[in-house]
Amino acid sequence: MKIYTVLWFLPVFLIPAEAADIENGDDLHFENCTGCHQEIVYTRDDRNVGSMERLDLQVRFCKDSLELSWFDEDVDDVVEFLNQNYYHF
Ligand code: HEC
């Protein structure tokens, strides 16, 4: 389990230019995403999102319904922020 975690994070350190900006994701999430649901939706037992793909889709769905014009990088940053803090895929 531990070695998997290390391997998973390795590319982030090797290629900093392509690393998601977690802080940007945190800011965007705080400013735009806390109006309808609290963090509890990400951690409850029967949460809907069960994979990275689903998380990406769900973030896009929620930001589209808010009519936010985010770049793909912004979506990636928020996905990564949610994954590192709550989902841990
Ligand atoms: C207009 C209201 C609204 C806003 C604002 C909103 N969401 Fe959602 N979101 C929902 C609803 C409704 C659900 C489904 C909740 C449920 O299944 O009980 C949901 C669910 C989710 C889930 C899945 C939770 C799970 O069950 O695993 C994620 C992830 C998510 N939202 C991300 C975001 C992000 C990122 C933003 C900011 C861009 C955002 N949401 C803003 C309405 C909103």
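Residues numbered from 1 in each chain as written. Predicted model: local features only at pLDDT ≥ 70, side-chain atom pairs only at ≥ 80, totals over all residues.

The subject of this paragraph is the overall build of the protein. Looking only at helices and strands, the protein has 5 helices and 0 strands in total. Listed by position from the N terminus, the elements making up the protein come as α-α-α-α-α. Per-residue burial over the protein gives 12% buried out of 89 residues. Here the analysis covers contacts within the protein between residues at least 6 apart in sequence; of these, 75% occur between residues at least 24 apart. (Helix = DSSP H or I, 4+ residues; strand = E, 2+ residues; numbered from the N terminus. Buried ≥ 20, exposed ≤ 12 C-beta atoms within 10 Å, placed from the backbone. Contact = placed C-beta atoms within 7 Å.)

Around the ligand sit 20 residues in total, of which Cys33, Cys36, Arg47, Val49 and Cys62 are the nearest. Contributing elements (two or more residues each) for the shell around the ligand: α2 (22-32), α3 (40-43), α4 (52-65) and α5 (72-87). Among the elements that line the shell around the ligand, the one with the most residues is α4, at 6 residues. The class makeup of the residues in the shell around the ligand is 11 nonpolar, 7 polar and 2 charged. (Near = placed C-beta within 6 Å. Nonpolar A, V, L, I, M, F, W, Y, C, P; charged D, E, K, R; others polar.)

Pairs of packed helices are described in terms of their axes, by the angle between the two and the distance that separates them. Running from amino to carboxyl end, α4 crosses α5 at an angle of 125 degrees, the nearest separation of the two axes being 10 Å. If you check the angle between α4 and α5, you find them oblique. Here α4 and α5 pass one another in a crossing that is right-handed. In this structure, α4 contributes Met52, Leu55, Asp56, Val59, Arg60 and Lys63 to the contact, and α5 contributes Val75, Val78, Val79, Leu82, Asn83 and Tyr87. Of the residues contributing to the contact of α4 with α5, the split by class is 8 nonpolar, 1 polar and 3 charged. (Axes fitted to C-alpha atoms, helices over the stretch in contact; angles between N-to-C directions. Parallel < 35°, antiparallel > 145°, perpendicular 65-115°, else oblique. Left-handed = near helix turned anticlockwise from the far one by under 90°.)

Glancing now at the packing of α2 against α5. Taken N-terminus to C-terminus, the directions of α2 and α5 make an angle of 90 degrees; their axes are 7 Å apart at the nearest point. In this view, α2 runs roughly perpendicular relative to α5, as classed from their interaxial angle. Contacts between α2 and α5 pair Ile22, Asn24, Gly25, Asp26, Leu28 and His29 from the former with Asp74, Asp77, Val78, Glu80, Phe81 and Gln84 from the latter. Partitioning the contact of α2 with α5 into residue classes produces 4 nonpolar, 4 polar and 4 charged.

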